[in-house]
Every structure is written in C-alpha cells, then in structure tokens.
Amino acid sequence: MKADLAASLRAAARAALPEGAFLKRAREDGLFVTDAPRRCPGGDWHTALSDAGFTVAESDGLARLSPAPAWLIRLEAGHPQPPDAFCAGFLRFAGRTPEAESLALFALGARALDGSDDRARFERRLRQRAAVCLRLNQIPSTVRGGGLYACALLKTLIEEADS
C-alpha cells in the first residue's frame, strides 16, 4: 500500500509535466519541485497538474507541487474502516472537506512516505493539529479537522513501510 500511494503521487505529477522537466521531492513546503515553468512557460501543464490533483505555487522559475484535497478524499474513501486504533481515534474527522493546515500536513507526510526524513516532524505536527481541532470542535458551530483522518492513515502507511 505504501508504495502504491507514493508511486501514484509521483506518477500523476510526472505524467502532467512537460517533457524534460525534472520532478524532485521538495525539502520544505509542498511535496515536489519542478522546473516546468522554465521548460514550458505558459504551457498547459498547470491545468494538467490541477487535473492530476495538485496545487501549484511558482517562484523563481520553479513550481512547488502539493497534493490537492482529492488525494486526501481518495485515501479516506479507500479506508472506511480504520486499519488500527490510532486511525480509529481520527475517524471522527473523516468525510470533512480538507483544510489548508491538513493539506500542508499531508504533503509533509507524503514526503516522509516518499523517503524523506520528515517522519518525526510529521507525527508531532499531526498530534498537535488533532489536539487543536478537538479543542475547537467543543465550541458550538465550530467544525474543524477536515483531512486529519487521511493524515492518520498516512502515518499508518509510513509505519508499515518501516516494518
């Protein structure tokens, strides 16, 4: 399963890029970095990446790619029953529209799944984000935490890959 998600993310991004553009794992924000803006300025690769489920932020001739909500929604839909007790604690957040904070957290976890050394930071931020959302959800008319179930599933996939 780990290889499936990591490989699917990479393959989807690669397929949307113009020929010759590199695709590397990001070191900071986002999941991947590409030189597509230099290779094909104004090309239709933006649309292709959006269709593949990525958001794009351009800067200095490079583009930083992050998973869009569709990736989180798809992962949650594939696991209607939590695979372990940790994920079961996050099930209350399933089915909610992923929030910006969860999208950034998912990108960090996806980098860890792809082989970066971001695992400890991802786990710490996941627990912190869950604590904040649990507190905020106690306030009437406040519903937070969209995307957290997908992030918990991602943590389980990372652990499975390490064993």
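Preceding block: the structure.
Residues numbered from 1 in each chain as written. Predicted model: local features only at pLDDT ≥ 70, side-chain atom pairs only at ≥ 80, totals over all residues. Heavy atoms only, no water.

A. A look at the packing of aromatic side chains. Counting across every chain of the model gives four aromatic pairs. With a centroid separation of 5.8 Å and an interplanar angle of 50 degrees, the aromatic rings of Phe 54 and Trp 71 are classed as tilted. Within this pair, whereas Phe 54 is found in strand S3 (residues 54-59), its partner Trp 71 is found in helix H4 (residues 69-77), the two being separated by 17 residues in sequence. In this structure Phe 54 comes out as buried when scored by relative accessible area, which is 3%. (Phe/Tyr/Trp six-rings, centres within 6.5 Å; stacked < 30°, edge-to-face > 60°. Helix = DSSP H or I, 4+ residues; strand = E, 2+ residues; numbered from the N terminus. Buried < 20%, exposed > 50% of the residue type's maximum accessible area, 1.4 Å probe, protein only.)

B. How the structure looks around the pairing of strand S4 (residues 62-67). Sheet topology note: the strand S2 (residues 32-34)/S4 ladder contains three bridges and is antiparallel. Its bridge partner lying in S4, Val 33 is registered against Arg 64. Pairing of S3 with S4 involves six bridges; the strand directions are antiparallel. Considered in S4, the bridge of Glu 58 is made with Ala 63. Between S3 and the antiparallel strand that follows it, S4, lie two residues; Asp 60 among them carries a positive phi value of about 55 degrees. (Pairing = 2+ DSSP bridges.)

C. Here's a closer look at helix H7 (residues 119-136). Helix length check: H7, at 18 residues, gives a terminal C-alpha distance of 26 Å against a target of 26 Å (1.5 Å per residue), a fit within 8%. For H7, every residue scored as buried is listed here: Phe 122, Glu 123, Leu 126, Arg 129, Ala 130 and Cys 133. Burial along H7 is one-sided: seen end-on, the buried residues are contained in an arc of 130 degrees. Turned more than 90 degrees away from the buried face of H7 sit Ala 120 and Arg 135, all of them exposed. Packing partners of the buried residues in H7 comprise helix H5 (85-88), helix H6 (100-113) and helix H8 (148-162). (Expected span 1.5 Å × (residues − 1). Arc of directions from axis to C-beta. Contact = heavy atoms within 4.5 Å.)

D. Quick look at the pattern of salt bridges. Counted according to the given criterion, the structure contains 13 salt bridges. Residue Arg 129 is joined to Glu 101 by a salt bridge in which the shortest nitrogen-to-oxygen separation is 3.6 Å. A residue pair is termed long-range when its members are at least 10 positions apart, and Arg 129 in helix H7 and Glu 101 in helix H6 qualify at 28 residues. Residue classification places Arg 129 among the buried residues on the basis of a relative accessible area of 10%. The class for Glu 101 is partly exposed, based on a relative accessible area of 37%. With a shortest N-O distance of 4.0 Å, Glu 159 and Arg 119 are connected by a salt bridge. Separated by 40 residues along the polypeptide, Glu 159 in helix H8 and Arg 119 in helix H7 bring together distant segments of the chain. You can call Glu 159 partly exposed: its relative accessible area is 29%. For Arg 119, a relative accessible area of 27% corresponds to the partly exposed category. Here the salt bridges do not stand alone but share partners, grouping Arg 119, Glu 123, Lys 155, Glu 159 and Asp 162 into one network. (Salt bridge = Lys/Arg side-chain N within 4 Å of Asp/Glu carboxyl O.)

Don't take any of this as a statement about function, it's just geometry.
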